[in-house]
Amino acid sequence: MKTKVAIIGGGPSGMLLSQLLHTRGIDSIVLERKTKDYVLGRIRAGVLEQGLVKLMEEAGCADRMHAEGFTHDGALISYGDEMFRLDFSELTGNFVMVYGQTEVTRDLYEAREKTGGAIEFEVNDVAIHDANGAAPHVTYTTQGKKRRIDCDFIAGCDGFHGVSRQAIPLEVRREYEKVYPFGWLGILSETPPVNNELIYANSERGFALCSMRNENLSRYYIQCSLSDSPDDWTDAAFWEELKRRIPKAQADTLVTGPAIEKSIAPLRSFVTEPMRWGRLFLCGDAAHIVPPTGAKGLNTAASDVHYLYNALRDCYENGSEAGIDSYSEKALKRVWKAERFSWWFSSMMHRFPDQSEFDLKMQIADLEFLRSNKAAQQAMAENYVGLPY
Ligand code: FAS
Ligand code: PHB
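These lines cover the structure that appears in this document, whether it is placed above or below. (Residues numbered from 1 in each chain as written. Chains lettered and ligands numbered in written order. Predicted model: local features only at pLDDT ≥ 70, side-chain atom pairs only at ≥ 80, totals over all residues. Heavy atoms only, no water.)

1. Some words on the environment of L387
So, step 1. Here L387 lies in the segment after helix 12 (374-385).
So, step 2. Residue classification places L387 among the partly exposed residues on the basis of a relative accessible area of 23%.
So, step 3. In this structure, the C-alpha to C-alpha distance between L387 and L16, residues 371 residues apart in sequence, is 20 Å.
So, step 4. If near-sequence neighbours (up to four positions away) are discounted, L387 is found in contact with R334, K337 and E382. (Helix = DSSP H or I, 4+ residues; strand = E, 2+ residues; numbered from the N terminus. Buried < 20%, exposed > 50% of the residue type's maximum accessible area, 1.4 Å probe, protein only. Contact = heavy atoms within 4.5 Å.)

2. Observations regarding the sheet that holds strand 7 (residues 96-98)
So, step 1. Pairing in this open sheet of 3 strands is antiparallel, and the strands run 3-7-4 from one edge to the other. Two strands bound the open sheet, and with one partner strand each, they are strand 3 (47-48) and strand 4 (70-72).
So, step 2. Sheet topology note: the strand 4/strand 7 ladder contains 3 bridges and is antiparallel. Residue pairing for strand 7: H72 is matched across the bridge by V96. (Pairing = 2+ DSSP bridges.)

3. Quick word on the site of ligand 2
So, step 1. Taken together, 16 residues are adjacent to ligand 2, and Y200, S211, R213, Y221 and T293 come closest.
So, step 2. Note that an oxygen atom of ligand 2 is positioned 2.8 Å from one of the side-chain N or O atoms of Y200.
So, step 3. Between ligand 2 and the protein, one listed contact pairs an oxygen atom with a side-chain N or O atom of Y221 at 2.6 Å.
So, step 4. Protein coverage of the free-state accessible area of ligand 2, which is 280 Å², stands at 98%.
So, step 5. When residues of the shell around ligand 2 are traced back to their parent elements, those giving at least two are strand 14 (206-214) and strand 15 (217-224). (Near = heavy atom within 4 Å. Polar contact = N/O pair within 3.5 Å; in protein donor to acceptor, adjacent residues only side chain to side chain. Areas by Shrake-Rupley, 256 points an atom, 1.4 Å probe, with all protein chains shown as cover.)

4. Some remarks on the environment of G206
So, step 1. Note that G206 resides in strand 14.
So, step 2. Setting aside its immediate chain neighbours within four residues, G206 contacts A201, Q223, R245 and R351.

5. Observations regarding the pairing of strand 10 (residues 137-142)
So, step 1. In terms of burial, strand 10 is largely enclosed, as 6 of its 6 residues are buried.
So, step 2. Burial of the side chains of strand 10 extends over both faces: H137, T139 and T141 are buried on one face and V138, Y140 and T142 on the other.
So, step 3. One ladder, built from 6 bridges, connects strand 10 with strand 11 (residues 145-156); its direction is antiparallel. Bridged to V138 within strand 11 is I149.

6. A look at the site of ligand 1
So, step 1. Inspection of the region around ligand 1 gives 30 residues, with S13, E32, R42, R44 and Q101 positioned closest.
So, step 2. One of the side-chain nitrogen or oxygen atoms of S13 is found 2.7 Å away from an oxygen atom of ligand 1.
So, step 3. Between an oxygen atom of ligand 1 and a side-chain N or O atom of Q101, the distance comes to 2.4 Å.
So, step 4. Protein burial of ligand 1: of its 1000 Å² of free accessible surface, 86% is covered by the chains.
So, step 5. If you list the elements that add at least two residues to the shell around ligand 1, you get helix 1 (12-23) and helix 9 (297-318).
So, step 6. Looking at the shell around ligand 1, its residues break down into 13 nonpolar, 9 polar and 8 charged. (Nonpolar A, V, L, I, M, F, W, Y, C, P; charged D, E, K, R; others polar.)

7. Remarks on the side chain of S211
So, step 1. Its location among the elements puts S211 in strand 14.
So, step 2. Here S211 falls in the buried class, since its relative accessible area comes to 5%.
So, step 3. When neighbours within four sequence positions are excluded, S211 is seen to be in contact with L198, S218, R219 and Y220.

8. What to know about the pattern of salt bridges
So, step 1. Scanning the entire structure with this criterion turns up 29 salt bridges.
So, step 2. R268 is the partner of E177 in a salt bridge, and the nearest nitrogen-oxygen pair spans 2.6 Å. Of the two residues, E177 is situated in strand 12 (residues 174-189) and R268 in strand 16 (residues 259-273); the sequence distance between them amounts to 91 residues.
So, step 3. Look at R268 and you get partly exposed, because its relative accessible area is 22%.
So, step 4. When salt bridges with common partners are traced through the structure, they connect R64, E68, E103, R106 and D107 into a single cluster. (Salt bridge = Lys/Arg side-chain N within 4 Å of Asp/Glu carboxyl O.)

9. Some thoughts on the packing of aromatic side chains
So, step 1. The final tally for this structure, using the stated rule, is 21 aromatic pairs.
So, step 2. For the ring pair F88 and Y384, a centre distance of 5.0 Å and an interplane angle of 20° mean the geometry is stacked. Placement of F88 in helix 5 (residues 88-92) and of Y384 in helix 12 is noted, with a sequence separation of 296 residues between them.
So, step 3. Centre to centre, the rings of F281 and Y327 are 5.7 Å apart; their planes meet at 80°, and the pair counts as edge-to-face. Taken together, the residues F281 in strand 18 (residues 280-282) and Y327 in helix 10 (residues 322-349) connect sequence positions 46 residues apart.
So, step 4. One cation-aromatic arrangement involves K4 over Y316; the distance from NZ or CZ to the ring centre is 5.7 Å. (Phe/Tyr/Trp six-rings, centres within 6.5 Å; stacked < 30°, edge-to-face > 60°. Lys NZ or Arg CZ within 6 Å of the ring centre and 35° of its normal.)

What follows is the structure in C-alpha cells.
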C-alpha cells in the first residue's frame, strides 16, 4: 500500500490530523492498535482550548461540539473553606469549551468514516522503517498477515506507550521527566454537577476536582495514593472523601450516585526532544505528557497537530519544507509552556508526602497571591484558556 502520510495511532491526535489532511486532499492511513469501541470507551480530558475548538471547525467536525458543549468563562479555586473565581472573559476576553475528549474523538471518527478515511483497527507489530532515509515505510500485522505502507511522511500519534518515540535513535533523543508521588482517581456519574463551573480544590486531605460533561453527567477526581486501585474505593468512600475536600456549601449540595466509570491515572511531566526524525513527526502524548491539572494534555496534542498539518500542507501545496524543518522547534516552544503551567498548577494544588510546613505556607501564599493580584490571575487565565499557537 502507498499513502502520503502514515499515521500511527487513532486517538484524538491521529484522527484530527487525518481529518485536517483530508480537507486538503492529502491522503493518509491511520493504524490503530485497539478496536474503535475501545478507543471511544476511554474517558479522559474534558476542557478544550479555543485553539482546539477552531481546529475542529477547520476539520468540519464542530457541529455537535457547539450544540452539546458548554462554554465556560470562569472556574473556581478553593483552599480549605476559602474559594475564589477566575473570570477568564474579563481577564483574557476568551473562554474554554467543556466537551469530553471521547466526544471529540467520536466526531472525528464519524467524519473520517463519512469520507471513506482509511483506518485499520487491531493492528499489531507496528514498526517504522527508514524514517531518516529515502524510503520511509511502516510495517504491521493484521489478521495474522504482514502488511507494508510506503509513504512520504510518518506521524507518530500513538501516545505515551506507543512505538514511534522509540524509532528515534537513543543517541539523538533527549528525555525529561518528573513523576508525581500520587495519582488521580476519577469517576463519572449520571448526576447533576455540583456547580455550573469547575472547582479545583486544595484541601489538607489532598486535591479534588469537580468537573462535568453535561447537565446530568459529572466528572470528579480526587488525588489518591499510587498504591491505590479503583477497586479499593467504593462509591460511598469516594463521595465521602470528595465531600471532605471541597467547601462545605458545595459538599452539602453534592448529588451522589453510582459511578459508571472509575479509573486511576498516574501523573507525570514528560517531554522528548526532538519531535522529528527525518520523515517521522511525533504528535501529542507520543512526545509529551502533563499532569491533567491544567487540562493541557489533549490541548497540547492539538497544537502539535496544527503545526504538523500546516507544515505538510505547505510541503504538498507550495513545495516548501520550511514548516517540516521548523516543526519540532515550534511545537516544543509551546509544549514547554504547557509543561510549566501544568507543573506549577499541580504543585500549588496537591499535597505532597514530603511537604514541610514551610512548603505548605508557600502553597497558601501562592493561592492568596493569585486570589488578590490581577496580574497573577491574568497569567493563570491566559495559560488556562490556551496560549496562542
Ligand atoms: P492517545 O494516547 O489518546 O492515543 C494514542 C492512540 O494510539 C491510542 O488509541 C492507542 O491505542 C494507539 N496506539 C498506541 N500504540 C500503538 C501502536 N503501537 N500501534 C497502533 N496504535 C497504537 N488530558 C487532559 O487534558 N485532561 C484529563 O483529564 C486527562 N486525563 C487522562 C487520563 C488518562 C488515563 C490518560 C492516559 C491521559 C489523560 N489525559 C488528560 C491526557 C489525554 O487526554 C491525552 O493528552 C490525549 O489522549 C492525547 O491524545 P493522543 O496524542 O492522540 O494520544
Ligand atoms: C475533566 O473534566 O476530565 C477535566 C477537566 C479539567 C481538568 C482535568 C480534567 O483540568
